[in-house]
Amino acid sequence: YRYIAEFRGTDPGAVARASEVYQEAIDAVQEHLAATHPIRLGMALSRAVFSYEILNLKPEACNIARKAFDDGLKELDAIP
């Protein structure tokens, strides 16, 4: 959905659907994956880029990336 939103740009339905799907994915990875898991970190990065480039929410994008980094850093010692 992110790429549809990027391609269509001004289609508010595509952007809203991409936002909804991102939130569902973020919720799922936060529930099921460790903060250091590459898929969880990748999801956070992807969401941050979407927020920055599509939604033009630069401070929110930075906060998303920073939170993922900080959460992963806290669990770094737990990696086997």
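Let me begin by describing the structure that accompanies this report.

The rules behind each value
- Residues numbered from 1 in each chain as written.
- Predicted model: local features only at pLDDT ≥ 70, side-chain atom pairs only at ≥ 80, totals over all residues.
- Heavy atoms only, no water.
- Axes fitted to C-alpha atoms, helices over the stretch in contact; angles between N-to-C directions.
- Helix = DSSP H or I, 4+ residues; strand = E, 2+ residues; numbered from the N terminus.
- Parallel < 35°, antiparallel > 145°, perpendicular 65-115°, else oblique.
- Left-handed = near helix turned anticlockwise from the far one by under 90°.
- Contact = heavy atoms within 4.5 Å.
- Nonpolar A, V, L, I, M, F, W, Y, C, P; charged D, E, K, R; others polar.
- Core = buried A, V, L, I, M, F, W, Y, C linked by side-chain atoms within 4.5 Å.
- Buried < 20%, exposed > 50% of the residue type's maximum accessible area, 1.4 Å probe, protein only.
- Phe/Tyr/Trp six-rings, centres within 6.5 Å; stacked < 30°, edge-to-face > 60°.
- Lys NZ or Arg CZ within 6 Å of the ring centre and 35° of its normal.
- Patch = residues over 30% accessible without salt bridge, like charges linked within 9 Å, V, L, I, M, F, W, Y side chains within 5 Å.
- Areas by Shrake-Rupley, 256 points an atom, 1.4 Å probe, with all protein chains shown as cover.
- Salt bridge = Lys/Arg side-chain N within 4 Å of Asp/Glu carboxyl O.

1. Re the packing of helix H2 (residues 12-32) against helix H3 (residues 38-53)
Here comes step 1: Interaxial distance between H2 and H3 falls to 10 Å at its minimum, and their mutual angle equals 155 degrees. In terms of orientation, H2 and H3 fall into the roughly antiparallel class. With respect to the hand of their crossing, H2 and H3 are arranged in left-handed fashion. The segment H2 lies against H3, with Val 15, Ala 18, Ser 19, Tyr 22, Ala 25, Ile 26, Val 29 and Gln 30 engaging Ile 39, Arg 40, Met 43, Ala 44, Ser 46, Arg 47 and Phe 50.
Here comes step 2: Looking at the contact of H2 with H3 residue by residue, the classes come out as ten nonpolar, three polar and two charged.

2. Thoughts on the nonpolar core
Here comes step 1: If you look at the biggest cluster of nonpolar residues, it comprises nine residues: Ala 5, Ala 14, Val 15, Ala 18, Tyr 22, Ile 26, Val 29, Met 43 and Phe 50.
Here comes step 2: Of all elements in the fold, only H2 and H3 reach the threshold of two or more residues within this core.
Here comes step 3: Per element, the largest residue contribution to this core is six residues, and it comes from H2.
Here comes step 4: Residues in contact with Ala 5, not counting those within four places in the same chain, are Ala 14, Val 15, Ala 18, Phe 50 and Ile 54.
Here comes step 5: Counting five residues, the second largest nonpolar core, distinct from the first, contains Ala 44, Ala 48, Ala 61 and Ile 64.

3. Structural notes on the packing of aromatic side chains
Here comes step 1: If you walk through the whole model with that rule in mind, you get one aromatic pair.
Here comes step 2: Pairing Tyr 22 with Phe 50 gives two aromatic rings, centres 5.1 Å apart and planes at 35 degrees, and the pair type is tilted. In this pair, Tyr 22 sits in helix H2 while Phe 50 sits in helix H3, placing the two residues 28 residues apart along the sequence. Of the two residues, Tyr 22 and Phe 50, both sit in the buried class.
Here comes step 3: Of note, Lys 58 hangs over the ring of Tyr 52, and the distance from its end group to the ring centre comes to 4.5 Å.

4. A look at a nonpolar patch on the surface
Here comes step 1: Together, Phe 69, Leu 73, Leu 76 and Ile 79 make up an exposed nonpolar region whose accessible area comes to about 390 Å².
Here comes step 2: For Phe 69, the location among the structural elements is in helix H4 (residues 58-74).
Here comes step 3: Note on Phe 69: relative accessible area 48%, which makes it partly exposed.

5. Some remarks on the environment of Ala 18
Here comes step 1: Within the secondary structure, Ala 18 is located in helix H2.
Here comes step 2: You can call Ala 18 buried: its relative accessible area is 1%.
Here comes step 3: Each C-alpha atom of the pair Ala 18 and Ala 61 lies 15 Å from the other, and the pair is 43 residues apart in sequence.
Here comes step 4: Here Ala 18 is in contact with Tyr 1, Arg 2, Ala 5 and Phe 50, once residues within four sequence places are set aside.

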